[in-house]
Structures are given as structure tokens and as C-alpha cells.
Amino acid sequence: MAVKYALITGGSRGIGRAIALRLGQEGYRCILTARNVEALEATAQALQNAGAPDAVLIPADLTDGKSIDHLAQQALDASGNQIDVLVNNAGVLYLKPFLELSLSELDEMLAVNFRAVFQLTQRILPAMIQRQHGTIVNIASLAGKNGFKTGTGYGATKWALRGWANSLMLEVREHNIRVVTIFPGSVNTDMAGHSPTAPRRETMIQPEDVAEAVWTAVNVPERTMLSEIDIRPTNPKKA
Ligand SMILES: NC(=O)c1ccc[n+]([C@@H]2O[C@H](COP(=O)([O-])OP(=O)(O)OC[C@H]3O[C@@H](n4cnc5c(N)ncnc54)[C@H](OP(=O)(O)O)[C@@H]3O)[C@@H](O)[C@H]2O)c1
């Protein structure tokens, strides 16, 4: 059977790492990117320990357009232009009252959470259109559907992601390409530690739960698209 390829941004830790392990378990060869090479190598080792196909590691800084172009080309070369699943997962979060949020913090969030997704998808999509096959998964946030105090910058980037994804979905479905956008609440990762509004870690969604939703969206029959998935704890008040 032909190898299937998944390109996952932010594959070094948190939700991206869990998605890599879930797709790796299903036999996908994961192409992982992030800045921290050691952390990428640790994910690759975990994939190997789980019996998944060997990962391809392509370190990149998603705030840098040249780095994104290089990443896209390397990923296309490594897969023979056959990326089956692109997971736009990497993200950054600064939660601050509006008057305290700096423009450099806003720029970094816009760059990683939205601009990089736009650019990387633009580079990977033509090969999907060529094959009339592919799934693009975007990890947004419930902050992309609801406003909240301290979320003026982060929320804006995730609303932008949602607006882009919704329009892209309508454009590319006629090429048999699915665009799936996932909106988790607080997830138990390093990032959630920065949120003053996050619930206790035990009652949070776990990264593996988001990975399971990604796998479900990839695994449903190709004629069907789970275009938007909200994920929240069943019982946030559980003792
Ligand atoms: N945790 C939550 O509560 C939560 C809730 C809803 C949505 N989300 C979304 O889920 C996604 C994953 O979040 P997470 O919780 O797994 O966060 P995390 O543990 O902080 O991981 C973030 C990932 O993004 C990568 N990244 C950050 N800046 C980058 C840059 N400039 N270039 C390349 N890679 C970069 C990091 O790798 P390096 O640092 O090695 O580059 C890391 O792999 C994000 O889009 C986030 O907004 C998270």
C-alpha cells in the first residue's frame, strides 16, 4: 500500500505531538516542523517507539516567510508531492488586557496563527489539487468563535483563521479537498499554563482528545467533510 504523508506544524509538543502520534499509529509518515530540533527529535523517537513510520523532521520558523517556503519545498520533495493531510497546528498565545498587548506580540501571533497558515497552505495546495485529494486541518480555538477579556489579539488571529478556512473550504471542495477546522477550549498543554481563564488541568481537554477528533475527521469517508468541530469538556465543574 502507498505510504500516506501528514505534514504537521508545531509537531514538537502539545497538540501537534499528539496528532503526530495518532496519525503515526494509523500508518501515516509524519513530516514534523517546529523551531526546537531536540523536541522534534523527541517526537520522532516517540513515533519510532510506537512502531509508526519514521518521521521526517524539517525545522522552520513560521514567522519567517523564507523559512516557510523552504519547509514547503522540503515537505513536497520528501513526500514526492503527495501530502495527504496538512495539519496547521502551530500557534502562539499572549493573553493581556488590550492596552498592555504590544504590537510585536500581536505581530507574532498574526504571523504564526494566521499568515503562516495562509502561506504554507498556498504552497501545499497545488499538489493536492493536482491529485484531487487531500485534507487540510486547522487547529483554531473556541477563542475564534467567542470574545473574552484579554483575548483581543489571540482571538482576532483565530477569527481570521476561521474566516479564511470557511472561504477556502468553499473554493476547494470541488477538487475533492476537505478543509476541517477544529475549535478546542482549553487543552492541557504548555500553552494553557499561560491562560488565567483556563480551568484546572484535570478537567481540561487533553491533547490526545484533539488528536482523536483530527483522526475522526481524516478517517470519515472522503465524500464527507467535518468542516467545523467544537471541542469542550463535557463537565468543566467535575470535582
Ligand atoms: N492549549 C490550549 O488551551 C489550546 C486551546 C485551543 C486552541 N489551541 C491551539 O492549538 C494549537 C497548538 O497549541 P498547543 O496547546 O499544543 O501549544 P504549545 O504546546 O505551546 O505548542 C505550540 C507549538 O507551536 C510551535 N511554534 C510556536 N511558534 C512557532 C514558530 N515561530 N515557528 C514554528 N513553530 C512554532 C511550537 O514549537 P517550537 O516552540 O519548537 O517552535 C510548538 O510545537 C495552537 O494553534 C493553539 O492556538 C490551544
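Everything here concerns the structure above.
This structure is a prediction, so every number in the text was calculated from the model and none was measured. (Residues numbered from 1 in each chain as written. Predicted model: local features only at pLDDT ≥ 70, side-chain atom pairs only at ≥ 80, totals over all residues. Heavy atoms only, no water.)

1. A closer look at the environment of Thr33
For step 1, the next point in the chain: Note that Thr33 resides in strand S2 (residues 28–33).
For step 2, the next point in the chain: Residues Thr33 and Gly10, spaced 23 residues apart in sequence, show a C-alpha to C-alpha distance of 5.9 Å.
For step 3, the next point in the chain: Ignoring sequence-local partners within four residues, the contact set of Thr33 consists of Ile8, Thr9, Gly10, Gly11, Leu40, Ile58, Pro59, Ala60 and Leu71.
For step 4, the next point in the chain: Reaching out from Thr33, the side chain makes a polar contact with the backbone oxygen of Ile58 at a distance of 2.6 Å. (Helix = DSSP H or I, 4+ residues; strand = E, 2+ residues; numbered from the N terminus. Contact = heavy atoms within 4.5 Å. Polar contact = N/O pair within 3.5 Å; in protein donor to acceptor, adjacent residues only side chain to side chain.)

2. Structural notes on the nonpolar core
For step 1, the next point in the chain: Of all hydrophobic cores here, the largest spans 41 residues; its most connected members are Leu7, Ile83, Leu120, Ile124, Met128 and Ile136.
For step 2, the next point in the chain: It is helix H4 (residues 103–131) that provides the largest number of residues to this core, a total of 9 residues.
For step 3, the next point in the chain: Every residue in contact with Leu120, bar those within four places of it in the chain, is listed here: Leu7, Thr9, Ile68, Leu71, Ala72, Leu86 and Asn88.
For step 4, the next point in the chain: Grouped together as the second largest cluster of nonpolar side chains are 31 residues, Leu47, Val137, Ile182 and Ala211 included. (Core = buried A, V, L, I, M, F, W, Y, C linked by side-chain atoms within 4.5 Å. Buried < 20%, exposed > 50% of the residue type's maximum accessible area, 1.4 Å probe, protein only.)

3. Structural notes on the packing of aromatic side chains
For step 1, the next point in the chain: One pass over the full model with this rule turns up 2 aromatic pairs.
For step 2, the next point in the chain: The interplanar angle of 75° and the centroid separation of 6.3 Å between the aromatic rings of Tyr28 and Trp215 together place this pair among those described as edge-to-face. A residue pair is termed long-range when its members are at least 10 positions apart, and Tyr28 in strand S2 and Trp215 in helix H6 (residues 207–219) qualify at 187 residues. Like Trp215, Tyr28 is buried.
For step 3, the next point in the chain: Seen in terms of ring centroids, Phe114 and Phe118 are 6.2 Å apart; in terms of plane orientation they differ by 65°. Their pairing is edge-to-face. Within this pair, Phe114 and its partner Phe118 are both found in helix H4, separated by 4 residues, close to a single helical turn.
For step 4, the next point in the chain: Lying across the ring of Phe183, Lys145 places its NZ or CZ 4.3 Å from the centre. (Phe/Tyr/Trp six-rings, centres within 6.5 Å; stacked < 30°, edge-to-face > 60°. Lys NZ or Arg CZ within 6 Å of the ring centre and 35° of its normal.)

4. Observations concerning the environment of Arg13
For step 1, the next point in the chain: Looking at the secondary structure, you find Arg13 in the loop between strand S1 (4–9) and helix H1 (14–25).
For step 2, the next point in the chain: For Arg13, a relative accessible area of 48% corresponds to the partly exposed category.
For step 3, the next point in the chain: Each C-alpha atom of the pair Arg13 and Asn36 lies 9.6 Å from the other, and the pair is 23 residues apart in sequence.

5. Regarding the packing of H1 against helix H2 (residues 37–49)
For step 1, the next point in the chain: Following both chains from N to C, one finds H1 and H2 inclined at 25°, their axes separated by 10 Å at the closest point. The angle between H1 and H2 places the two elements in the roughly parallel class. Judged by the twist between their axes, the crossing of H1 over H2 is right-handed. Of H2, the residues touching H1 (which contributes Arg17, Ala20, Leu21 and Gly24) are Ala42, Thr43, Ala46 and Leu47.
For step 2, the next point in the chain: Among the residues making up the contact of H1 with H2, the classes are represented as 5 nonpolar, 2 polar and 1 charged. (Axes fitted to C-alpha atoms, helices over the stretch in contact; angles between N-to-C directions. Parallel < 35°, antiparallel > 145°, perpendicular 65-115°, else oblique. Left-handed = near helix turned anticlockwise from the far one by under 90°. Nonpolar A, V, L, I, M, F, W, Y, C, P; charged D, E, K, R; others polar.)

6. Observations regarding the side chain of Thr9
For step 1, the next point in the chain: Here Thr9 lies in strand S1.
For step 2, the next point in the chain: Given the relative accessible area of 3%, Thr9 is considered buried.
For step 3, the next point in the chain: Thr9 has contacts with Thr33, Leu62, Val87, Asn88, Asn89, Ala90 and Leu120, leaving out every residue within four places of it along the chain.

7. Describing the site of the ligand
For step 1, the next point in the chain: Lining the immediate surroundings of the ligand are 29 residues, of which Ser12, Arg35, Asn89, Tyr154 and Thr189 lie closest.
For step 2, the next point in the chain: The backbone of Gly10 places a nitrogen or oxygen atom 3.2 Å from an oxygen atom of the ligand.
For step 3, the next point in the chain: The side chain of Arg35 places a nitrogen or oxygen atom 2.7 Å from an oxygen atom of the ligand.
For step 4, the next point in the chain: Protein contacts shield 95% of the accessible area of the ligand, which totals 880 Å² for the unbound molecule.
For step 5, the next point in the chain: Each residue belonging to the shell around the ligand can be placed in one class, and the counts come to 14 nonpolar, 11 polar and 4 charged. (Near = heavy atom within 4 Å. Areas by Shrake-Rupley, 256 points an atom, 1.4 Å probe, with all protein chains shown as cover.)

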